[in-house]
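In case you want the letters, here they are:
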Amino acid sequence: MAIGTRVVVIGAGWAGLAAAKTYLQINPRIQLTIIDAHKTLGGVWSQDRIFPGMIADSPSGLFDFSDLPMQEKDWQDIPASKVYEYLSQYADHFNLRARMRLGVRVVKCTKQEENWLVNLDSNEEIVCDKLIVATGLASDAYMPDIPRSEFIGPVIHSRDISPHFEEFTKGGMRNVTVYGGCKSAIDAIIMCLNAGKEVDWVIRQVGEGNGPGLIVNLKERWGIHPASAAGRWKSVCLPNIWNTEGWWWRFLQSGNNRFGMWLTRRIWKKISATTRKLEPYKTGSDNVMKLLPEGENDLFFSASLAAIHGNEAFLAALHEGKTLRVHRATITSMSKDTVELSNGTTLPDVDGAIFATGWTYKTDTFEPTIPSLPIPFESESPSERKYWADLHEQADKEVLERLPILAESPMGTTYQRPLTRTPFRLYRYILPTSPSHLAARDLVFIGLLTNIQTCIYDEVSALWGVSFLEGLRDVPSKEEMDKHIALVNAWCARRYLGRGKASPIAAGEVQDVVDTMMTDLGLAARRRKGWFSDWFLPYRASDYKGMVDEFMKSVAKR
């Protein structure tokens, strides 16, 4: 019997599990290996990373896969432990656990003439024909280079809270410094406050594009959860490069209708004013005033959203300002039990620090380097640099022609993050356009897009990626794909500012990204019959149930 295609999936979180299950469904004869550095599956939601009190930002009903519903009442908060339990059930249901290698890290992926050689930190080698990288954007922690060798307390990244949970919540630790402005910082702060600790929350200065994120209180009110209103209607209010057709685009975004452009500005002015009248901002306490989002227009934002899920203890501590103190500054040094800030403030008696300072994406794993991934600017050849600079210049003009309101983006003045690497250059956020990989159909990336519909996006992108690897459909020419990549990157930089230059984001626009991929696959993008539910209610994973079978039937008919 011929040996089946050897497939390696790196990552056992949402994206990796979706990719593995989809590949087995399309080609049951493959020899599949799933590798993850954590000791348990789940990625961000593995037991290595979750801790008591951690909550998913997506409510029940919007945080599961299409073919295995999470058995929870809709619109409820989901504890991290429940997410891990669900992903474990998913792996068992589709017989994925037996194919996993957990607790081992990939240190090198070498492209050979006809296959990949994957080296593990256990000194093992795995040879595969197809490689799916599903490690996402939240795997490798970024720690700022701050002098701290003489600091006597523990200093950890928010990724590593779980193994240090007891250390930070028990014993003699009284004062904790948390550095960072988004969701992971708030999770760490809530953990410390619940344990009776005092917290100094340090967020870099205004204008650096690093936070704080817009804080939203995702709490059900009068039987209605805010997420229940996240239907596809929202995309018509957005300058969305994934949807530049139709009546609503022509009216509101194209610039061809002056009243429509005026209305778009009014809508966003109203949204921006309303968010600042809600909790936690409406009280106007000294602490809260330091947490106002950068800029006055929520249409352009660089930091991510941060949810507090109705946590009254956090809100009380924030407004009181005694056990939770906010500082807008940069940490310049740490020694003994003190933390020095750039504004001249010294934080005394600090027992430990948690850095919620985001992530880096390592590309030195690949040999040779994958040019579609971020590489140091100095490593980019002059010809390649000019090629992409020319594409970006043309793409930026096209973005402004299609979405003229983005000319008002403050991207060129403030909210700049220092960049040292090229942006991601993947078609549909999945496919590297190197001629060798296109010809071999041997490499895709899943789960690299920051968005608000993780499960749906990961399932559809898994089908998109696997169908390409299996040669079940064609893609445009390299030239066409590179032009579209430049277009999306130019849009992202204007819409999401400094953060959009560094990594792929399509938060409220993700439904249109999914629609585009479904169209690529020859499948129906509109999955509902009624116009009201299609427009005004959020799509759920269950709307995509059976899409792999649909796709395979369409392939069989060709």
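To be clear, the structure that these remarks concern was listed above.
Procedures and definitions
- Residues numbered from 1 in each chain as written.
- Predicted model: local features only at pLDDT ≥ 70, side-chain atom pairs only at ≥ 80, totals over all residues.
- Heavy atoms only, no water.
- Helix = DSSP H or I, 4+ residues; strand = E, 2+ residues; numbered from the N terminus.
- Rg over C-alpha atoms; globule rule 2.2 N^0.38 Å.
- Contact = heavy atoms within 4.5 Å.
- Areas by Shrake-Rupley, 256 points an atom, 1.4 Å probe, with all protein chains shown as cover.
- Lys, Arg positive; Asp, Glu negative; His and termini not counted.
- Charge placed at Lys NZ, Arg CZ, Asp CG, Glu CD.
- Axes fitted to C-alpha atoms, helices over the stretch in contact; angles between N-to-C directions.
- Left-handed = near helix turned anticlockwise from the far one by under 90°.
- Core = buried A, V, L, I, M, F, W, Y, C linked by side-chain atoms within 4.5 Å.
- Buried < 20%, exposed > 50% of the residue type's maximum accessible area, 1.4 Å probe, protein only.
- 1 Å grid on protein atoms, 1.4 Å probe; cavity = no way out; pocket = protein on both sides within 12 Å on 5 of 7 lines; lining within 4 Å.
- Points joined across faces, edges and corners; volume = space filled by probe spheres on them.
- Nonpolar A, V, L, I, M, F, W, Y, C, P; charged D, E, K, R; others polar.
- Pairing = 2+ DSSP bridges.

So, the overall build of the protein chain
Here comes step 1: Secondary structure summary: the protein chain contains 15 helices and 24 strands in total.
Here comes step 2: Since a compact globule built from 558 residues should have a radius of gyration of about 24 Å, the 23 Å found for the protein chain is in line with a globular shape.
Here comes step 3: Judged by the C-alpha coordinates and their principal axes, the protein chain covers about 70 × 65 × 55 Å.
Here comes step 4: Taking contacts inside the protein chain between residues at least 6 apart in sequence as the whole, the part at least 24 apart equals 72%.
Here comes step 5: Here the protein chain displays about 24100 Å² of accessible surface, and carbon together with sulfur accounts for 53% of that area.
Here comes step 6: The averaged location of the 66 negative side-chain charges in the protein chain is 5 Å from the averaged location of its 65 positive side-chain charges.

A closer look at the packing of helix α9 (residues 382–402) against helix α12 (residues 478–502)
Here comes step 1: At a closest axis distance of 8 Å, the pairing of α9 and α12 adopts a crossing angle of 60°. Between α9 and α12 the crossing geometry is right-handed. Contact residues: Tyr-387, Trp-388, Leu-391, His-392, Ala-395, Asp-396, Glu-398, Val-399, Leu-400 and Arg-402 in α9; Asp-482, Lys-483, Ile-485, Ala-486, Leu-487, Ala-490, Trp-491 and Arg-494 in α12.

As for the nonpolar core
Here comes step 1: Membership of the largest hydrophobic core comes to 132 residues, with the highest contact counts inside it found for Trp-45, Ile-132, Trp-201, Phe-314, Ile-354 and Trp-491.
Here comes step 2: For Ile-132, the contacting residues outside a window of four places in its chain are Val-7, Val-8, Val-9, Ile-10, Ala-19, Tyr-23, Val-444, Ile-446, Val-466 and Leu-469.
Here comes step 3: Val-106, Leu-120, Leu-131 and Leu-137 belong to the second largest nonpolar core, which has 23 residues in total.

Side note on the layout of surface pockets
Here comes step 1: Considered as a void within the structure, the second largest pocket measures approximately 400 Å³ in volume.
Here comes step 2: Lining the second largest pocket are 17 residues, and of these Phe-377, Trp-388, His-392, Pro-423 and Arg-425 lie nearest its centre.
Here comes step 3: Within the residue set of the lining of the second largest pocket, elements represented by two or more residues are α9 and α12.
Here comes step 4: It is α12 that provides the largest number of residues to the lining of the second largest pocket, a total of five residues.
Here comes step 5: Of the residues belonging to the lining of the second largest pocket, the class tally is eight nonpolar, four polar and five charged.

Considering the sheet that holds strand β6 (residues 125–128)
Within a sheet, neighbouring strands are paired by backbone hydrogen bonds and run either parallel or antiparallel to one another.
Here comes step 1: On the basis of which strands lie adjacent, the open sheet formed by four strands has the order β6-β5-β4-β21 and mixed pairing. Edge positions in the open sheet fall to β6 and β21 (366–367), since each of these has one partner strand only.
Here comes step 2: Taken together, the five bridges between strand β4 (residues 106–111) and strand β5 (residues 116–120) define a ladder with antiparallel strand orientation. Its bridge partner being in β5, Lys-108 is matched across the sheet by Asn-119.

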